[in-house]
Amino acid sequence: MKLKTVNRSISLFVLIVGAIISLIPFVWLIRSSLMTTTEIFEFPPKLLPEEFQWSNYVEIFSIIDFLLYFKNTLIILIPVLIGTILTCCMCGYGFARLKFPGRDMWFGLILATMMLPGAVTLIPTFLMWSELEAINTFWPLIIPAFFGGGGFFIFLMRQFFMNIPRELDESALIDGASHFQIFTKILLPLVKAPMLVVGFFTFMGVWNDFFGPLIFLNDEAKYTLALGLLQLKGSYAADWHLMMAAAAVMTLPAIVIFFIGQRYFIEGISLTGIKG
Amino acid sequence: MNIENIPLGNNRTRGTVKVKGINNIRRKEIFWGYFFTLPAILGLLIWTIGPMIASLYFSFTDYKVVGDFQWIGFQNYTEIFKNDLNFKKSLIVTFYFAIGSTIFTLAAALFVAILMNISVKGQSLFRTMFYLPVIVPAVASNILWLWLFNPDFGLLNSILDFVNLPKLMWIYDESTVIPSLILLSMWSCGGTALIFLAGLQDVPKQLLEAVEIDGGNWWHKFRFVTVPSISPVIFFNLIMGLIGSFQAFTQAYVMTEGGPNNSTLFYVFLIYREAFQKNNMGYASALSWILFLVILIFTLFIFKSSKSWVHYGGGK
Amino acid sequence: MTKSKSYLAISLVLILIAGLLSGCFGGNSAAGTDEESGGNSDAVQLKFTYWGGPLEKDSIEALLKAFNDSHPNIQVKGQQVQGSYIEKMTTMASSKTLPDIGYFPEGSLPPWLESGAIKDLKPLFDSGEIGNKLKYSIFQYEENGPIAGSSVANEVTNIYYNKDLFDEAGVEYPPTKAEEAWTWDEFVEVAKKLTVDRNGKHPDEDGFDSKNIKTYGVNNFTYHYETILFSNDGGVVSEDGKDIILDEPETIEALQKMQDLMYVHHVMPTPANLSTIPNVDTALLTKRVAMNIDGHWALQELGKAKKEKNLKLGIGVLPKMKKAVTTSYGTPIVVFNNDNTKENWDETKEFLKFIMNPKNSLPLINGGLWMPNEESWYTDPDLIKEWTDTEIHPKEFKEAVIDWAMTNVRQNPNYYWGDRSEASQIISPGLDQIWTNKKSAEEVVNDVIMPKLKQKFGDKYQ
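Note that this is a predicted model, so its numbers are computed, not measured.

Participant: Whenever I open this one, the overall build of chain C confuses me. Can you help?
Facilitator: A tally of regular secondary structure across chain C gives 20 helices and twelve strands. Dimensions along the principal axes, computed over C-alpha positions, put chain C at roughly 80 × 75 × 50 Å. Expressed as a percentage of its 462 residues, the buried residues of chain C come to 59%. The contacts in chain C between residues at least 6 apart in sequence include a share of 73% that link residues at least 24 apart.

In structure tokens, the structure reads:
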């Protein structure tokens, strides 16, 4: 019993130390966002600003049409989230659980395509969207999400589905359930944790992506937040205080969403009865 | 296989009941298999295969995006192997980084995931804190890291000095720059950790308790219960880590600009430079296909080996 | 439980539909306003792309508005492309949807000009139609070859310094006249007097701690190294772009002297310490650096610091080795060779002339970011007054910058050497080894860089 307490205090200690280390960049960001450019680079570095420069935030909101860019980001984000989560779960299940001719070939191809650097597929992809006259619309940024959301997520979901004991489906099959029912009623609730991961990664991906919107959109009124905030960056000298404030603005929603979302990592799927 | 031609209705007029039943079950499974994976297969055919074939085709041409181009056979490839001044060095540097960063990031991520999974008061808060390094945009954390890496008064050297170790030049020396960048990628292992955390939710508690009852310590629990039951996730993170780090360059490039003396000239940067700075899209495509094959061989090798160490709860 | 789930499902589907519809209609309606915004349906539509910070964006938008208002038959629409400009241009080129006119990164210019994707503007320059631009700001890679354009702004290199530090050290300010420029040795002496470690010691004194330098005498030479090579009659490539002169003794000597600034005299930050030197305005204000070698663009920030933070800003000419010389930088504005610019060449030309005219970019010039690109603005007293009579341009500006830019500029190879980018990929990593003190300048040039250049270019250069 005593050993357990010691173990526990050690792990608590490690936890706190780790948390502090992880906190550094965030604290750094917030404090820099409230400084003047001069202060950010002062040597030796300062911990806190002499005077909190809340005006940095006011300034970025005056330079950037925040609401418009936020709206554009949501227009892309919401369907992408739905599409990715829905289709990557389906595909993950299909590849993990169902046997059909060509399965391994298709799965292998999907994985393999991730290994070709994007720099050389960018132009053919762009040409395709251009043929579809979808340049300067949100479609190229949304539609691909409804096709599995990419090899990464499909592979991820497949791994989790594969780790669920097969006895579950088999007994359901004997009870007369269809594969569709097995998927929606039995297995889907068991992969909540990885679904959450997919959702969060998708959110982060869309939220921070400036390259896709930059390539496909030709109209500043359609810019997204990540792209809009780049407008603060000068070509010769950077207004670091503004860039830091902008970075903080981008960070906060992500933190809140993560904080809320992580609760749904429900522990123990209590399958042990079957597994053991 | 054409799915539409498979009769789905119950056809009870021919064959024995048993065979019919199995056939039916098989057919249904094939139908549902294609049904569920259709988005991915269509996506692959529509969005991915086309551009891939196009880039393969470009790799045999002198395509420059602007202006005409023609078929030049293997000329790009021979040029790469014979005359490219940076090809070999870049490949070595990339391998070094990819393997190092995959292994160390994986270990760090697993460690962080275990920390995130300790049930204490304020667990949500701790989890969020551990994930912060990934959320904070690179523009902010890069400046911070430049301070930390400073040889004369950076925090890292102060620590080395404190424990009586020799100071390092970190990202400013050819020999230490890649390890420094690996350290940087360990720092932002939160994404990988998150996937591990999801995996840790599936570790059967009863088994952990059983080990405890048998007198096993934390290492026994970790080695004989946790690792086997999350091995599919380890496998996933390993593969994705490799694919990702073979192609990584942005964050590192911002810190070092490929230097000092090309010691962080990652392969993808080579591709990027050819494709967009010099418009040599054909040459860049050839470079890409070489990298593609390298990663492919690597991945196949790991897939083969995985049979011996990845244990799926659902069997094969 | 199930009820709330089905609600969730329904609301998700609704959001999905709403999202898709708004995406769709958002696309359509914005496309619609594109055409309406002209006001005049017969007006020629031109698309202009550029990059730059908030100040530049405001000024460019104002310039576009002024143009559109005064030219009802032409409507120019701007797009600020920050981040991956050249990638955007390349993808657009692949589908033949390039803008009509825009900034262009000079490093990528040669292949675009060669392939004809960028229009040859030589006739405009020959006829003088575009105005009397500074000779050294024109991008032309072969004698009498095609001209891609000229810099929208001129940027020459100078010393920018904090007068307070000179006063404290009792040193005379840097000269403002080219003919009085410091010799290299004089310059090094001054830099030593300005360099101070944490204990207040100078580089030549006993116990000087080169790892704890509080104020560096000078900064940023490695970025502007080419100017110093010119000053010693060296350089990377000869003025006709036909010979590589990197291995000439003059060049090696100058490179060695820059390495010595860091590792013998300890008056300039090493690359490792460079990352802890802030932006130029902060560096001077916080006295981390006494003199900064910089392009004229630095005046935007420095001017602000002068106006708002009471920085005692001074500008001087660069030190000389054999002769006093500087160089210039600048971004070209190019016309893309597409159907629209071919069909509406007169209108395109009209806009090009407008944006290339310093009169129309005065806010950027007055703000210290740009210098005019036309000769008359350097000679005509009224015009000089128009662009330098501001709170930020110091009184020595006329001598130290304007006259300096008229008489002492050696053209930057960016403007005339087509192999520049290719060669830089070999030269820069090599120079890293000089700047990090791994090898001497001579070893690096002869053993590392030259063999690779030879391998790359064969016998093209001597």
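So much for the structure itself; the text now carries on.
Participant: Just checking my understanding: could you explain the overall build of chain B for this structure?
Facilitator: Looking only at helices and strands, chain B features 14 helices and zero strands. Taken from N to C terminus, the helices and strands of chain B fall in the order α-α-α-α-α-α-α-α-α-α-α-α-α-α. For chain B, the C-alpha radius of gyration of 25 Å lies well beyond 20 Å, the compact-globule estimate for 316 residues. Dimensions of chain B along its principal axes, counting C-alpha atoms only, are 85 × 70 × 30 Å. Looking at chain B as a whole, 57% of its 316 residues qualify as buried.

Participant: Is there a simple way to think about the domain arrangement of chain B in this case?
Facilitator: Interfaces are often sized by the amount of accessible area the parts lose when they come together. Split by domain assignment, chain B resolves into domain 1 (3-50) and domain 2 (85-309). Between the C-alpha centres of domain 1 of chain B and domain 2 of chain B there is a distance of 41 Å.

Participant: Would you take a moment to explain the confidence of the model for chain C for this structure?
Facilitator: Low pLDDT means the predicted atomic positions in that stretch should not be read closely. Residue-level pLDDT values for chain C average 89, and 91% of them are 70 or greater. Interface predicted TM-score (ipTM) for the complex: 0.87; the corresponding pTM is 0.86.

Participant: What's the story with the interface of chain A and chain B in this structure? I'm lost.
Facilitator: Counting residues at the interface gives 98 residues for chain A, matched by 97 residues for chain B. Both sides of the chain A and chain B interface together cover about 8900 Å² of buried area, and 79% of this is carbon and sulfur. Of all residues in chain A, the largest losses of buried area upon contact with chain B belong to Leu15, Met115 and Phe147 of chain A, amounting jointly to 8% of the total for that side. At the junction of chain A and chain B, the tally comes to zero salt bridges. Inspection of the chain A/chain B interface yields 13 residue pairs in polar contact (both at pLDDT 80 or more). Among the elements that take part in the side of chain A that touches chain B, helix H1 (residues 2-33) of chain A stands out by supplying 17 residues, more than any other. Residues belonging to the side of chain A that touches chain B are distributed by class as follows: 71 nonpolar, 18 polar and nine charged.

Participant: For this particular structure, what's the right way to read the environment of Ile234 of chain B?
Facilitator: Residue and element names in this part refer to chain B. Counting through the fold element by element, Ile234 comes out in helix H11 (residues 231-247). Judged by its relative accessible area of 14%, Ile234 falls in the buried class. Spatially, the C-alpha atom of Ile234 lies 8.7 Å from that of Leu110, the residues being 124 residues apart in sequence. Sequence-distant contacts of Ile234, that is, excluding residues within four places in its chain, are made with Leu106, Phe196, Val227 and Trp309.

Participant: Help me out: how do you make sense of the side chain of Gln262 of chain A in this one?
Facilitator: Counting through the fold element by element, Gln262 of chain A comes out in the loop between helix H14 (240-261) and helix H15 (272-275). In this structure the side chain of Gln262 of chain A is engaged in a polar contact, spanning 3.2 Å, whose partner is the side chain of Ser124 of chain B. Among residues more than four places away in sequence, those in contact with Gln262 of chain A are Leu196 of chain A together with Ser124, Arg127 and Thr128 of chain B.

Participant: I keep staring at the pattern of salt bridges and nothing clicks. Help me out?
Facilitator: When the charged atoms of two side chains lie near each other, side chains of opposite charge can form a pair. Considering all chains together, one arrives at 27 salt bridges over all chains under this definition. For Lys192 of chain C, the salt bridge is made with Glu189 of chain C, and the minimal N-O distance between the two is 3.9 Å. A residue pair is termed a helical-turn pair when its members lie 3 or 4 positions apart in one helix, as Lys192 of chain C and Glu189 of chain C do in helix H7 (residues 184-194) at three residues. Taking the relative accessible area as the measure of exposure, Lys192 of chain C reaches 11% and is therefore buried. A salt bridge links Lys385 of chain C to Asp389 of chain C, with the shortest nitrogen-to-oxygen separation between them at 3.6 Å. The pair Lys385 of chain C / Asp389 of chain C is uniform in exposure class, with both members exposed. Here the residues in one salt-bridge network are Glu274 and Lys278 of chain B together with Glu422 and Lys456 of chain C, joined through shared partners.

Participant: For this particular structure, what's the right way to read the packing of helix H13 (residues 267-277) of chain B against helix H14 (residues 281-309) of chain B?
Facilitator: In a pair of packed helices, the angle between the axes and the distance between the axes together describe the arrangement. Residue and element names in this part refer to chain B. Axis separation between H13 and H14 bottoms out at 7 Å; the angle between their running directions is 160°. Between H13 and H14, the angle is such that the two are roughly antiparallel. When you trace H13 past H14, the crossing you get is left-handed. Across the interface between the two elements, Tyr267, Val268, Leu270, Ile271, Glu274, Ala275 and Phe276 of H13 pack against Met281, Tyr283, Ala284, Leu287, Ser288, Ile290 and Leu291 of H14. Grouping the amino acids of the contact of H13 with H14 by side-chain chemistry returns twelve nonpolar, one polar and one charged.

Participant: Sorry, what's going on with helix H6 (residues 155-162) of chain B here?
Facilitator: One turn of an α-helix holds 3.6 residues; hence residues three or four places apart share an orientation. Residues and elements named next belong to chain B. Among the residues of H6, those classed as buried are Leu156, Asn157 and Leu160. Buried residues in H6, looked at end-on, bunch into an arc of 95°, giving them a common side. Buried positions along H6 lie against helix H5 (138-149) and helix H7 (177-187). Directly after H6, the chain includes Asn164, whose backbone phi takes a positive value near 65°.

Participant: Which parts of the structure should I look at to understand the sheet that holds strand E12 (residues 333-335) of chain C?
Facilitator: In a beta sheet, neighbouring strands pair by backbone hydrogen bonds and run either parallel or antiparallel. Residue and element names in this part refer to chain C. In spatial order, the strands read E2-E1-E3-E12; together these four strands make up an open sheet with mixed pairing. Each having just a single partner strand, strand E2 (74-80) and E12 make up the two edges of the open sheet. Strand-to-strand twist across the sheet, computed as the mean angle between neighbouring axes with direction ignored, equals 20°. When strand E1 (residues 44-50) meets E2, the two strands line up parallel, connected through seven bridges. From the neighbouring strand, Tyr50 faces E2, where its bridge partner is Gln80. Its contacts with the sheet put helix H2 (residues 54-70) on E1, E2 and strand E3 (101-103), and the angle it makes with E2 is roughly 170°.

Participant: Honestly, a nonpolar patch on the surface in this entry has me stumped. Any pointers?
Facilitator: All names here are of chain A. Where nonpolar side chains cluster on the molecular surface, the patch consists of Phe13, Val17, Ile21 and Ile24 and spans about 350 Å² of accessible area. Along the polypeptide, Phe13 turns up in helix H1. Looking at Phe13, the relative accessible area reads 58%, which means it is exposed.

Participant: Please clarify how the domain arrangement of chain C should be interpreted in this entry.
Facilitator: Residues and elements named next belong to chain C. Each assigned domain of chain C is listed with its residue range as follows: domain 1 (44-154 + 330-405) and domain 2 (155-328 + 419-457). Distance between the C-alpha centres of domain 1 and domain 2: 29 Å. Taken together, the contact between domain 1 and domain 2 spans 22 residues of the former and 28 residues of the latter. A per-residue breakdown of the area domain 1 buries against domain 2 is headed by Ile392, Glu396 and Trp404, which together make up 33% of the total.

Participant: Sorry if this is basic, but what is going on with the environment of Ala172 of chain A here?
Facilitator: All names here are of chain A. Within the fold, Ala172 resides in helix H9 (residues 167-174). A residue is classified by how much of its surface remains accessible, and Ala172, at 7% relative accessible area, is buried. Here the alpha-carbon distance between Ala172 and Ile182, two residues ten residues apart in the chain, equals 6.9 Å. Not counting the four nearest positions on each side in its chain, Ala172 is found in contact with Ala177, Ile182 and Ile186.

Participant: Before we go on, may I ask you to explain the side chain of Thr102 of chain B in this structure?
Facilitator: Residues and elements named next belong to chain B. Locating Thr102 in the fold gives a position in helix H3 (residues 87-117). Engagement of the side chain of Thr102 in a polar contact is seen with the side chain of Ser245, the distance being 3.1 Å. Sequence-distant contacts of Thr102, that is, excluding residues within four places in its chain, are made with Phe97, Leu238, Gly241, Leu242 and Ser245.

Participant: Just to check I follow, could you spell out the packing of aromatic side chains for this structure?
Facilitator: When we look at a pair of aromatic rings, we describe it by the centre distance and by the angle of the planes. Residue and element names in this part refer to chain B. Inspection of every chain in the model, using the stated rule, returns 88 aromatic pairs over all chains. Relative to Trp71, the ring of Phe60 has its centre 5.4 Å away and its plane inclined at 25°; by these criteria the two rings are stacked. Here the residue Phe60 occupies a position in the loop between helix H1 (17-58) and helix H2 (75-83), and Trp71 occupies one in the loop between H1 and H2, the gap between them amounting to eleven residues. Look at Phe60 and you get buried, because its relative accessible area is 14%. With relative accessibility at 53%, the residue Trp71 sits in the exposed group.

Reading the values: the criteria
- Residues numbered from 1 in each chain as written.
- Chains lettered and ligands numbered in written order.
- Predicted model: local features only at pLDDT ≥ 70, side-chain atom pairs only at ≥ 80, totals over all residues.
- Heavy atoms only, no water.
- Helix = DSSP H or I, 4+ residues; strand = E, 2+ residues; numbered from the N terminus.
- Buried < 20%, exposed > 50% of the residue type's maximum accessible area, 1.4 Å probe, protein only.
- Contact = heavy atoms within 4.5 Å.
- Rg over C-alpha atoms; globule rule 2.2 N^0.38 Å.
- Domains from an automatic or database assignment.
- pLDDT = per-residue confidence, 0-100.
- Buried area = accessible area lost by both parts, 1.4 Å probe.
- Salt bridge = Lys/Arg side-chain N within 4 Å of Asp/Glu carboxyl O.
- Polar contact = N/O pair within 3.5 Å; in protein donor to acceptor, adjacent residues only side chain to side chain.
- Nonpolar A, V, L, I, M, F, W, Y, C, P; charged D, E, K, R; others polar.
- Axes fitted to C-alpha atoms, helices over the stretch in contact; angles between N-to-C directions.
- Parallel < 35°, antiparallel > 145°, perpendicular 65-115°, else oblique.
- Left-handed = near helix turned anticlockwise from the far one by under 90°.
- Arc of directions from axis to C-beta.
- Pairing = 2+ DSSP bridges.
- Patch = residues over 30% accessible without salt bridge, like charges linked within 9 Å, V, L, I, M, F, W, Y side chains within 5 Å.
- Areas by Shrake-Rupley, 256 points an atom, 1.4 Å probe, with all protein chains shown as cover.
- Phe/Tyr/Trp six-rings, centres within 6.5 Å; stacked < 30°, edge-to-face > 60°.

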